[in-house]
Structures are given as structure tokens and as C-alpha cells.
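Chain by chain, the residues:
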Amino acid sequence: MTLAIAETRSTAVPKPAASVPLISMRNIHKSFGSLQALRGASVEVRAGEIVALVGDNGAGKSTLVKVMAGVHSFDSGEYEFGGVPVDIRSPSDATALGIQTVYQDLALCNNLDAVQNLFLGRELTGSGWFGRRIRRAECEVRAREVMARMRLGNLSLTRPVGAMSGGQRQNIAIARSILWKPKVVILDEPTAALSHSAAQQVASLIRSLADDGLGVVVVSHDIHHFVVNATDRIVVMRLGADVAAFRSGEVTGEQVVNAMVGGNEGVNLAG
Ligand SMILES: Nc1ncnc2c1ncn2[C@@H]1O[C@H](COP(=O)(O)OP(=O)(O)OP(=O)(O)O)[C@@H](O)[C@H]1O
Ligand SMILES: [Mg+2]
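Here's what I pulled together on the structure shown here. (Residues numbered from 1 in each chain as written. Chains lettered and ligands numbered in written order. Predicted model: local features only at pLDDT ≥ 70, side-chain atom pairs only at ≥ 80, totals over all residues. Heavy atoms only, no water.)

## Remarks on the site of ligand 1
Rules: Put simply, a residue is near a molecule or strand once any heavy atom of it comes within 4 Å of that molecule or strand. Pairs of N or O atoms are called polar contacts if they sit within 3.5 Å, as long as, within protein, a hydrogen donor faces a hydrogen acceptor (for residues adjacent in sequence, only side-chain-to-side-chain pairs). Calculation of accessible area relied on Shrake-Rupley with a 1.4 Å probe; when residues are assessed, cover is drawn exclusively from the protein chains displayed. In this text, helices come from DSSP runs of H or I with a minimum length of four residues, and strands from runs of E with a minimum of two, each type numbered from the N-terminal end.
If you check the shell around ligand 1, you find Phe32, Leu35, Ala37, Asp56, Asn57, Gly58, Ala59, Gly60, Lys61, Ser62, Thr63 and His221 and nothing else. A distance of 2.7 Å separates an oxygen atom of ligand 1 from a polar side-chain atom of Lys61. Relative to its unbound accessible surface of 640 Å², ligand 1 loses 60% to contact with the protein. Breaking the shell around ligand 1 down by element, the ones donating at least two residues are β3 (35-45) and α1 (61-68).

Structural data, given as C-alpha cells:
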């Protein structure tokens, strides 16, 4: 990854930190062979806000967040992190910048418990007499801290996650994403297949991440409940580009759906 500061920026009048988006992607193009998945998509994510990315099947939402997370490279466009152009070529580049992703399949190991899942692949290890061994007790302490901070203290840390409900598993996947103190968390369909009350719990957990100053990006088809009620800004994608934007509190689900299917071209009510 290269982190290059654009030379022209140094002479510009510095803006207050809060006005610089954490992530700014502009005019992103991405093709898979002859298929143009992204044709000029733009999105900004600021600290403390929840941005919903919505659109019909195939609109390019997952492709855009995968570019954001370093899973896919892009063909053209601009990607800035904290106002600085970045060249993210792998998920680990994105992780190093503080971007964490919770994918739809959650990537949890069902036979392992919450602590093991939280630290999967990055366990705290000791290198003493017995060689590298997992410092389970320390992992448990860290896990308890994170779960308490997320008000998930009543979730069992020792039960296999395969025995937990969809909502509990989603919460553990979110807890895992914030373990390493990211700046941005991307969630793909966090409320899909959840009951109304489980979805509300996940929504309040996501709100607490934003309240902690994280930028949150959520891909969601749950327009009428989650998107209009539990996010701050809505970016509508269609045919690989952003075509409308709204402030969540000032729009109905119907208006959002209209924009998704092509009703109101180029609407921008997001201010
Ligand atoms: N790895 C890939 N290889 C080839 N084509 C792809 C790949 N990933 C996505 N596409 C195509 O790019 C377009 C955008 O797909 P994408 O998954 O981003 O849509 P989406 O908005 O997330 O849709 P959904 O709501 O169904 O998840 C689709 O036409 C899809 O078939
Ligand atoms: Mg998708």
C-alpha cells in the first residue's frame, strides 16, 4: 500500500478535522471482464455517521464495499482515507488503515466459542517455555471488555456460536470487527433474516459504534425498517452508480424504493 499526500493539498486552507470524511470514494469504475459492475460510484463516510448503501440486486453495492475493503481493486476513480489518497490493494491494507468488514456470512466458526471466534487467526500468544500458545485467559479478559463495552455482557463466551441465535451471532461478528479499534466498520446485510427485536438490538449496537466516533457503512435491503429508522444518510445505487442521496430522518421508505427502481433521477436531499 502506498500512502501519498496530494501535493496540491498542502497549500489549501486546512479544514476542521470533522469536515474531512474518513472515506471519500469518487467516480469509481470497476469491470469484471466485459461486465461493468461500477460505473462512476461515489460515496463519503464521516466519523460518527451511519451510511446506508441501498439498491436493487446487482446495483453494485457489494462490489463498492469490497473495493472499500481492499477485496477488489478498481479500474479508475479516487479513493481517499482521511483526506489522503490511498492505494489499497488487499484486505490487510484496509485493515491497517482501520477499515473492518462484517460480511453477510459472518465468517464465524460454529464449533468454536465467542472468545475463540473473536480472536480467530490473531490470538494473543505467548512465546515462553512451551512455545507459542494461546493466552486464553488474556483473550477472555479482552473479550469480556469488548462485550461489556457493547452491552453484550450477558452473551455466553464459552458456548459454541453454532448454538446461538442469528442475532447473537451477528453481535459477535460485530464485536470481532471492533476488537482492534477500527475507524470504519462496513456491514453487509446485518439485519437480514433477523426477527424484528433482534434486528433492533443489532441496530442499537451499530448506533453505539457511530456514537463512539466510528464511520459505519451498512449495505441493506431492509429499507422500511432499518434503513429509514436506524441510519443517518442513505446513498442509493443503481446500475453501478450512486443516483440519489437522502437524510434518513427526512424520507419515507417509499421514496427510497422509488429512487432504487428509477423514479426520481439524481435526487440529493442529503445536504
Ligand atoms: N466477482 C465477480 N465476477 C463477475 N461479476 C461480478 C462479480 N461480483 C459482482 N459481479 C457482478 O457485478 C454486478 C454488481 O454486483 P454486486 O454484487 O455488487 O451487486 P449488489 O448491489 O451487491 O447486489 P445484491 O443486492 O444482489 O447483493 C452484478 O451484475 C454481478 O453479477
Ligand atoms: Mg450484494
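## Focus: the sheet that holds strand β13 (residues 241-247)
To keep it simple, the criterion reads: Pairing between strands is defined by DSSP: at least two bridges between them are needed. Orientation is described by axes fitted as lines to C-alpha atoms, over the contacting stretch for helices, and by angles from 0 to 180 degrees between their N-to-C directions. Any two residues whose heavy atoms approach within 4.5 Å are treated as being in contact.
On the basis of which strands lie adjacent, the open sheet formed by 6 strands has the order β7-β10-β11-β4-β12-β13 and mixed pairing. Bordering the open sheet on either side are β7 (99-102) and β13, each of which pairs with just one other strand. The average angle at which neighbouring strand axes cross in this sheet is 20 degrees, direction not considered. As paired elements, strand β4 (residues 50-55) and strand β11 (residues 215-219) share 4 bridges and run parallel to each other. The residue bridging Ile50 from the neighbouring strand is Val216, located in β11. Running at roughly 150 degrees to β11, helix α6 (residues 196-211) makes contact with β4, β10 (184-188) and β11 of the sheet. In the packing of helix α8 (residues 253-261) onto the sheet, contacts are made with β4, β12 (233-238) and β13, and the angle to β12 comes to roughly 25 degrees.

## With respect to the pattern of salt bridges
As a reminder, the rule being used: Here a salt bridge means any side-chain nitrogen of Lys or Arg lying within 4 Å of a carboxyl oxygen belonging to Asp or Glu. When accessible area is computed with a 1.4 Å probe and restricted to protein chains, residues below 20% of their type maximum are described as buried, those above 50% as exposed, and intermediate ones as partly exposed.
For the structure on display, the rule yields 7 salt bridges. Note that Asp87 is salt-bridged to Arg89, the shortest N-O span being 2.8 Å. A relative accessible area of 62% places Arg89 in the exposed class. Among the salt bridges present, the one from Arg207 reaches Asp232, with a minimum N-O distance of 3.0 Å. Pair noted here: Arg207 is in helix α6 and Asp232 is in the loop between α7 (223-230) and β12, with a separation of 25 residues, a long-range link. When its relative accessible area of 23% is taken as the criterion, Asp232 is described as partly exposed.

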